[in-house]
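Notes for the structure review
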Amino acid sequence: MTADAGATPAALTRTGGPAEPAAVRRLAVDTLDANWEHDHTVPSRTLYPHQWSWDSAFIAIGLAQVHPERAWRELASLFRAQWADGRVPHILFNPALRVGAYFPGPEMWRSADAQGTPTVDTSGLVQPPVHALAALLAYQRAPGVAGLAALRQLYPALVAEQRYLADRRDVAGDGLVCIVHPWESGLDNSPAWDAPMAAVPAEAAVMRAYRRHDTAHADAAHRPTDLDYARYLAIVAAYREHGYADRGLADDHPFLVECPLFNAAFGSAEHALAEIAALLGHDPGPHRARAARITEALVRRLYDPATGTFQPRDLRTGRLIGARTVLGLTPLVLPDLPTRQVDALVVEARSARFGVARHMERPLPTYDRTAPDFEPLRYWRGPSWLNIGWLVRRGLLTHGHPELAAGLRHSMIGLVAGAGCHEYFHPDTGVGLGSPAFSWTAALVLDLLRE
């Protein structure tokens, strides 16, 4: 694995070979320090100059290793933008940046026009609720009086986040959360969304009226297409014009999907909240009961026994979406996932589609590498991302597969050692793609190096 031209990190050896663990750690710490922005960490100084929701969660896990006080400031900063209904917006905009620093910016979202919004500009969408897990791990990585006090202060907001999802986003009434935009999944242009997105009326020509920020900093061939973006904006407009209210979504909202990753994070959050509650002297029982109900609903609604993996369900058609993506592996993070499903997911992970092994020849891709439409360079349609690998590895450890977890860990550390803290990586060569100096990559490799 080699770094891409023009972005060779200082931690790599001068011969271009893999860096030693100490050098990787130094690179990761330097990346987080360079991306720190007064009370939070930007994902990158190029593509993503604001604060993102699940980025901050992963970043806090890494910060706890080196700057514990920053880890808590990171989460507190995000939750200060929590809406009155409990939603945690997926983007918190920095008012100091010029208009146009990111697209779509606050002028597109117009969050101030909605009810119960904070004084700062935000988006109206959410992202996978990995924050409770992040808060628990931040405390476990750096336990102490200050951490416990920060955890106590954050706990009610974490509970409110879960309550919002359970009360407002269970569109089908089946115990699962529905996402209303592909951006809420975190895997923006995954092949999992191709079918429901095809039903969203939009034309690529719409994008002539806008200037995309992402393609100014990354190769357009590596990013979602203009047609993708036209559909993204159409969905945003529909939700915004509905006042970002979740009542009546089933009637006419153009994108309604139950996502395995989002709901696995939803259930995992309840398990984490149970542990947090016990630390704080509260009753963990209600959290454990809710977690059990979520896992049961996830298995009942999204597990496909014919393929042995979890698949999203399109609520517009009522059907499971057949694309074999890495989303299907993420329910492994649930400690109460039944043995039948665990065993099937391990088979799926070890298959030629994903290649998880004790000694991995190639990184974990985000999409079935044997599929004819596998794209090794385009965002979530093939490339390898550290946050997804980190989640899958955590699931493998949870269910007694340390040898596979070790192989995945070695592979992920090798990506950063060879190419630096990139946003994502080529799933065959390991070349760094997307933004260099990417914060969650730095944070999570710190967590992997901790062991």
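Provided above is the structure to which this section pertains.
Residues numbered from 1 in each chain as written. Predicted model: local features only at pLDDT ≥ 70, side-chain atom pairs only at ≥ 80, totals over all residues. Heavy atoms only, no water.

**Digging into the overall build of the chain**
From N to C terminus, the chain includes 16 helices and 11 strands. In terms of overall size, the chain behaves like a compact globule, its C-alpha atoms giving a radius of gyration of 20 Å where 451 residues would be expected to give roughly 22 Å. Along the first, second and third principal axes, the C-alpha set of the chain runs to 60 × 55 × 50 Å. Counting the 451 residues in the chain, one finds 62% classified as buried. The long-range fraction of contacts in the chain, counting pairs at least 24 apart against all pairs at least 6 apart in sequence, stands at 70%. Carbon and sulfur atoms make up 52% of the accessible area of the chain, which amounts to about 16,600 Å² in all. Looking at charge distribution, the chain has the averaged site of its 43 positive side-chain charges lying 2 Å from that of its 48 negative ones. (Helix = DSSP H or I, 4+ residues; strand = E, 2+ residues; numbered from the N terminus. Rg over C-alpha atoms; globule rule 2.2 N^0.38 Å. Buried < 20%, exposed > 50% of the residue type's maximum accessible area, 1.4 Å probe, protein only. Contact = heavy atoms within 4.5 Å. Areas by Shrake-Rupley, 256 points an atom, 1.4 Å probe, with all protein chains shown as cover. Lys, Arg positive; Asp, Glu negative; His and termini not counted. Charge placed at Lys NZ, Arg CZ, Asp CG, Glu CD.)

**Thoughts on the sheet that holds strand S8 (residues 313-314)**
Where strands meet in a sheet, backbone hydrogen bonds hold them as pairs that are either parallel or antiparallel. Pairing within the open sheet is antiparallel, and its three strands lie in the order S5-S8-S9. Whereas interior strands pair on both sides, the edge strands pair on one side only; in this sheet they are strand S5 (257-258) and strand S9 (319-320). As paired elements, S5 and S8 share two bridges and run antiparallel to each other. Looking across to S8, one finds that Val 257 is bridged to Asp 314. (Pairing = 2+ DSSP bridges.)

**A short note on the nonpolar core**
One finds Phe 58, Trp 72, Trp 193, Ile 276, Ile 388, Trp 390 and Leu 396 to be the most contacted residues of the largest nonpolar core, which totals 143 residues. With 11 residues, helix H11 (residues 260-280) is the single largest residue contributor to this core. (Core = buried A, V, L, I, M, F, W, Y, C linked by side-chain atoms within 4.5 Å.)

**Overview of the pattern of salt bridges**
Applying the stated criterion to the full structure yields 24 salt bridges. A salt bridge links Arg 381 to Asp 194; the shortest N-O distance between them is 2.8 Å. Within this pair, whereas Arg 381 is found in the loop between helix H13 (339-350) and helix H14 (386-398), its partner Asp 194 is found in helix H8 (residues 194-198), the two being separated by 187 residues in sequence. Looking at Arg 381, the relative accessible area reads 10%, which means it is buried. (Salt bridge = Lys/Arg side-chain N within 4 Å of Asp/Glu carboxyl O.)

**Remarks on empty space enclosed by the protein**
Under the criterion given, the structure shown has five cavities of 30 Å³ or more. Taken as a whole, the largest cavity spans an internal volume of roughly 230 Å³. Taken together, 21 residues make up the lining of the largest cavity; nearest its centre are Tyr 48, Trp 52, Gln 127, Asp 188 and Tyr 379. Per-class residue counts for the lining of the largest cavity are 14 nonpolar, three polar and four charged. Put simply, the second largest cavity is a space of about 60 Å³. Looking at the second largest cavity, the residues that line it are Pro 129, Val 130, Leu 133, Leu 261, Ala 264, Ala 265, Ser 268, Ala 269, Thr 330, Val 333 and Leu 391. Broken down by element, the residue count for the lining of the second largest cavity peaks at five residues, all from H11. Counted by class, the lining of the second largest cavity contains nine nonpolar, two polar and no charged residues. (1 Å grid on protein atoms, 1.4 Å probe; cavity = no way out; pocket = protein on both sides within 12 Å on 5 of 7 lines; lining within 4 Å. Points joined across faces, edges and corners; volume = space filled by probe spheres on them. Nonpolar A, V, L, I, M, F, W, Y, C, P; charged D, E, K, R; others polar.)

**Description of the packing of helix H2 (residues 53-66) against helix H16 (residues 439-449)**
Between H2 and H16, the least distance of the axes is 8 Å, while the angle of their chain directions is 45 degrees. Classified by the interaxial angle, the pair formed by H2 and H16 is oblique. The two elements H2 and H16 meet at a crossing, and its hand is left-handed. Between H2 and H16, the contacting residues are Trp 54, Asp 55, Phe 58, Ile 59, Ile 61, Gly 62, Gln 65 and Val 66 on the first element and Ser 439, Trp 440, Ala 443, Leu 444, Leu 446 and Asp 447 on the second. In terms of residue class, the contact of H2 with H16 is made up of nine nonpolar, three polar and two charged. (Axes fitted to C-alpha atoms, helices over the stretch in contact; angles between N-to-C directions. Parallel < 35°, antiparallel > 145°, perpendicular 65-115°, else oblique. Left-handed = near helix turned anticlockwise from the far one by under 90°.)

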